[in-house]
Amino acid sequence: MQEIKPFKIRDIEINPPLVLSPMAGVTDVSFRRLLKRRGGVGLSVSEFISVEGLTRSNPKSKRQMRFYEDERPFAVQIFGGQAERMRMAAEMAEEVGADILDVNCGCPAPKVVKHGGGSGLLKDHSRLETILKEIKKAIKIPLTVKIRAGFYDHTINAVETAKLAEGCGAEHIALHGRTKEQGYRGLANWDLVRQIKEVVKVPVSGSGDVTTIQGAFDRFRETGCDGVLIGRGAMVNPWIFRQIEDAIHG
Ligand SMILES: Cc1cc2nc3c(=O)[nH]c(=O)nc-3n(C[C@H](O)[C@H](O)[C@H](O)COP(=O)(O)O)c2cc1C
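Thresholds, definitions, all that
Residues numbered from 1 in each chain as written. Predicted model: local features only at pLDDT ≥ 70, side-chain atom pairs only at ≥ 80, totals over all residues. Buried ≥ 20, exposed ≤ 12 C-beta atoms within 10 Å, placed from the backbone. Helix = DSSP H or I, 4+ residues; strand = E, 2+ residues; numbered from the N terminus. Pairing = 2+ DSSP bridges. Axes fitted to C-alpha atoms, helices over the stretch in contact; angles between N-to-C directions. Left-handed = near helix turned anticlockwise from the far one by under 90°. Contact = placed C-beta atoms within 7 Å. Right-handed = clockwise from strand over helix to strand, strands pointing away. Nonpolar A, V, L, I, M, F, W, Y, C, P; charged D, E, K, R; others polar.

(A) The arrangement of the pairing of strand β10 (residues 227–230) in detail. Because side chains alternate across β10, one face comprises the buried residues Gly227 and Leu229, and the other comprises Val228 and Ile230, equally buried. Here strand β3 (residues 18–20) pairs with β10 via three bridges, running parallel. Bridge pairing in β10 links Val19 to Leu229. As paired elements, strand β9 (residues 204–207) and β10 share three bridges and run parallel to each other. Bridge pairing in β10 places Ser205 opposite Gly227.

Okay, here's the thing in structure tokens:
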């Protein structure tokens, strides 16, 4: 059986290689700590945080950036379409002590996409490039991205997006293998995770539909990915991370 082992985002060890997938309205500080204490969560991520809110001192956005020391390693995820605001928000995340800054390139919500953010960045690679380069210049902590398969079902470009992000200095790529058009219908395409893993040097993780120990093991084996993200599966079974970790250790 393939060995499932920890991986590193620069010098930050993700151990076990299991990530609590960001979920707006769900993965707030209470939910994250509840899961973390069950065990098996290698990386926690904030809910996606609006850079428009954050850089205008919106109390909700500021609150969403809060985390506890025992949650480390901890990533703050931001979303937006304006490079200047994205840079400012990234600096704020670094200032509050986040270990990693993650850029959301997957949210399908119309109010997010309308302003060029979330999955809107998948169909505007030049905007994505500007944003990532701007952020990269401004922060010292690792920059990571979470992307979708593509914007429309006929414009699947996850491999190109991943290469672009790596070229801009992203140090981890997480793919949710559905398109924006698909929303949450159907199943995630994990073959794209395998394809990305083949062409980039940075660690690659996959997201989508993992709800069992066997499901996680199968995705690691089929794709050679470094990490697996679990979102909805953790809402149904908060012990899932711990159970997978126990299985990894035999
Ligand atoms: C209620 C909900 C909120 C979500 N919010 C975010 C978010 O803020 N940022 C993000 O990158 N993905 C978000 N996602 C996507 C998940 O992180 C994940 O990629 C997706 O649900 C597929 O994985 P799963 O089947 O394990 O849930 C959200 C998903 C759900 C169901």
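What follows continues from the structure just given.
(B) Representation of the packing of helix α7 (residues 158–167) against helix α8 (residues 191–199). The contact between α7 and α8 brings their axes to 9 Å, and the two run at 35°. The hand of the α7/α8 crossing is right-handed. Taking contact as the criterion, the partners of Ala158, Val159, Ala162 and Lys163 in α7 are, on α8, Leu192, Gln195, Ile196 and Val199.

(C) Representation of the environment of Leu34 in the model. Turning to its location among the elements, Leu34 is positioned in helix α1 (residues 29–38). Here Leu34 falls in the exposed class, since 11 other C-beta atoms lie within 10 Å of it. Along the primary structure Leu34 and Phe241 are separated by 207 residues, whereas in three dimensions their C-alpha atoms are 12 Å apart.

(D) Region of interest: the pairing of strand β4 (residues 43–50). With eight of eight residues buried, β4 lies mostly within the body of the structure. In this fold, the crossover linking β3 to β4 by way of α1 has right-handed handedness. Across five bridges, β4 lies against strand β5 (residues 74–79) in parallel orientation. Bridge pairing in β5 places Val45 opposite Ala75.

(E) Just the packing of helix α4 (residues 83–95) against helix α6 (residues 125–138), in detail. Two elements in contact, α4 and α6, have axes whose closest approach is 9 Å; the angle formed by their N-to-C orientations is 35°. Note that α4 runs across α6; the crossing there is right-handed. Every residue of α6 that contacts α4 at Ala83, Met86, Arg87, Ala90 and Glu91 is listed here: Thr130, Ile131, Glu134, Ile135 and Ala138. Looking at side-chain class alone, the contact of α4 with α6 contains six nonpolar, one polar and three charged residues.

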